[in-house]
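Architecture and fold: a report
For reference, the chains in residue letters:
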Amino acid sequence: MAMEGPARRRIQVAEHPRLLKLKEIFNSKFGSIPKFYVRAPGRVNIIEQDMLIAVEPVKTHTLQLANTNPLYPDFSTSANNIQIDRTNPLWHNYFLCGFKGIQEHFGLSNLTGMNCLVDGNIPPSSGLSSSSALVCCAGLVTLTVLGMNLSKVELAEICAKSERYIGTEGGGMDQSISFLAEEGTAKLIEFSPLRATDVKLPSGAVFVIANSCVEMNKAATSHFNVRVMECRLAAKLLAKYKSLQWDKVLRLEEVQTELGISLEEMLLVTEDALHSEPYSPEEICKCLGISLEELRTQILSPNTQDVLIFKLYQRAKHVYSEAARVLQFKKICEEAPDNIVQLLGELMNQSHKSCRDMYECSCPELDQLVDICRKFGAPGSRLTGAGWGGCTVSIVPADKLPSFLANVQEAYYQRSNRSLAPEKQSLFVTKPGGGALVFLEA
Ligand code: ADP
Ligand code: MG
């Protein structure tokens with residue numbers, strides 16, 4: 001149930017190799033034993049891959065962070081003076097987002113310190129939301145140290161908001177699934193109010209993640225935020241066109257909800273209201289009756305103020321059509337017709353096409369990987385996550401899985417000499433796993 005808090009489980013650490021290793025490294029690093037552990041998954045339902053943090057509350061007001069991966073250097077700060085650096089999003093800033101989110105929610109200024117050792121194995125900057133897993137894990141760590149309780153929904157909302165401290169204007173999907181995921185079922189995530197509904201995936205098929213091996217950090221580049229701003233501006237222009245109070249509107253979905261019409265009707269409104277030629281900042285200002293200065297300071301995010309071209313029509317078409325596809329996907333899963341795998345695959349293909357052509361968040365490597373996956377037996381394949389690199393997800397009939405994996409391995413990874421480092425987990429089957437939880441040593 002959504003109102004419940006994250007689960008707490010008593011476990012024998014000695015029986016779990018990864019926890020045991022973490023406990024040992026923690027001991028050599030801090031000279032003590034963790035009091036508890038928190039895990040939080042990324043997206044696309046990955047059981048084996050998550051963010052794991054070993055924690056020990058301390059009496060001082062110092063927050064000490066260490067990481068099992070030497071790529072991520074140790075960090076220490078006063079718990080009372082959290083500074084998040086959005087100009088240089090080093091790893092510890094993601095932890096601080098979750099920490100600060102909880103701190104602010106309870107209006108606390110004087111937090112107890114803690115020692116934390118982070119161990120994550122989600123491929124970073126690959127669209128599987130390693131960032132949100134870290135933010136959510138840190139949020140739950142902080143909540144547990146404080147001895148407070150919050151529901152999964154509240155935690156998801158706090159962490160969605162606080163990840164924006166890093167500078168990315170994310171929506172909240174990744175944080176929601178990190179807390180609300182349940183083993184054995186996919187989830188449809190909806191907002192206002194935040195809720196998650198079970199979606200039963202077809203039994204005869206599996207979902208395969210393949211990493212394009214192109215990394216894109218969402219906070220270090222502006223691509224992601226430019227799209228968010230284009231959607232925001234499109235929402236405002238659509239609202240104005242329909243004589244709604246446009247200045248309060250931030251998201252395309254709000255316009256649809258306000259008008260009380262279907263996604264299909266919203267697509268028609270988009271056709272009428274917006275033109276396919278890109279908009280200049282000047283034209284947008286003219287449409288909304290505001291100055292360039294107001295556009296920059298009151299609407300755009302800090303890293304998108306100098307953008308000169310906004311493709312509002314294309315972005316709105318993508319968002320409304322993608323939302324319609326999500327609902328169609330759920331409906332097909334419920335009706336479970338004989339050709340279900342084919343139909344779901346077709347939707348995934350349409351999705352990829354729209355991401356590539358209308359939202360322009362794909363890249364040549366992702367397009368190539370999607371083609372290869374389809375060629376070797378996936379009825380559907382698409383990029384997943386924010387895009388511009390990262391992973392694809394493909395639906396594959398279970399009986400075709402072995403040949404699919406072997407052929408994709410050969411065609412994408414071997415032939416092109418791409419990194420095959422095992423820790424990148426370039427190609428794997430995913431099953432819906434559970435959400436964030438706390439482990440206490442039995
Ligand atoms: P993603 O698609 O994985 O969410 P982002 O670009 O949003 O990609 O965030 C990636 C960032 O998250 C990395 O640059 C790093 O700072 C942080 N991160 C990911 N995995 C870890 C980890 N195991 N330990 C510490 N930080 C991590
Ligand atoms: Mg991210």
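The preceding data block contains the structure.
Now for a look at the structure at hand. Residue positions within a chain follow its written sequence, with the count starting from 1. For naming, the first written chain is A and the first written ligand is 1, with later ones following in the order written. Totals for whole chains, interfaces and linings use all residues, but because this is a predicted model, local features are given only for residues with pLDDT of at least 70 and pairs of side-chain atoms are given and counted only at 80 or more. As a convention, hydrogens and water are excluded, and side-chain values are obtained from all of the structure's heavy atoms.

1. Focus on the pattern of salt bridges
The working definition used for a salt bridge is a side-chain nitrogen of Lys or Arg within 4 Å of a carboxyl oxygen of Asp or Glu. Scanning the entire structure with this criterion turns up 26 salt bridges. Residue Arg 315 is joined to Glu 230 by a salt bridge in which the shortest nitrogen-to-oxygen separation is 2.8 Å. You can see Arg 315 sitting in helix α11 (residues 312-335) and its partner Glu 230 sitting in helix α6 (residues 223-241), a full 85 residues away along the chain. Only protein chains enter the accessibility calculation, which uses a 1.4 Å probe; a residue whose area is less than 20% of its type maximum is buried, one above 50% is exposed, and one in between is partly exposed. Judged by relative accessible area, Arg 315 falls into the buried class, the value being 3%. Connected through shared salt-bridge partners, Arg 227, Glu 230, Lys 311, Arg 315 and Glu 360 make up one network. Strands here are runs of E lasting at least two residues and helices are runs of H or I lasting at least four, both read from the DSSP assignment and numbered beginning at the N terminus.

2. Quick notes on the nonpolar core
Where a protein is soluble and globular, its nonpolar side chains tend to be buried together. Joining through side-chain atoms within 4.5 Å is the link that ties buried Ala, Val, Leu, Ile, Met, Phe, Trp, Tyr and Cys residues into a set, and such a set is a nonpolar core. Of all hydrophobic cores here, the largest spans 69 residues; its most connected members are Ile 53, Phe 95 and Met 114. Per element, the largest residue contribution to this core is 10 residues, and it comes from helix α3 (residues 130-146). For Met 114, the residues in contact, after removing those within four places along its chain, are Val 55, Glu 56, Pro 57, Val 58, Thr 62, Leu 63, Gln 64, Phe 95, Phe 99, Val 141, Thr 142 and Val 145. Membership of the second largest hydrophobic core comes to 43 residues, among which are Val 255, Ile 299, Val 307 and Leu 312. Only heavy atoms matter for contacts: two residues are in contact if any of them lie within 4.5 Å across the pair.

3. Details of the site of ligand 1
Think of it this way: one heavy atom of a residue within 4 Å of a molecule or strand is enough to make that residue near it. The immediate surroundings of ligand 1 are formed by 18 residues, with Asn 67, Ser 125, Ser 130, Ser 131 and Lys 218 found nearest. Side-chain polar atom of Asn 217 to an oxygen atom of ligand 1: 3.0 Å apart, as the coordinates give it. Distance and chemistry together define a polar contact, namely a pair of N or O atoms within 3.5 Å, with one atom able to donate a hydrogen and the other to accept it when in protein, and with adjacent residues in sequence counting only for side-chain atoms on both sides. Within the side chain of Lys 218, an N or O atom sits 2.8 Å from an oxygen atom of ligand 1. Using the Shrake-Rupley algorithm and a 1.4 Å probe, accessible areas are obtained, with residue cover drawn only from the displayed protein chains. Computed on the free molecule, ligand 1 has an accessible area of 570 Å², of which 93% lies beneath the protein chains in the complex. Of all the elements in the fold, those that place two or more residues in the shell around ligand 1 are α2 (91-105) and α3. Of the residues forming the shell around ligand 1, the biggest block, three residues, is contributed by α3.

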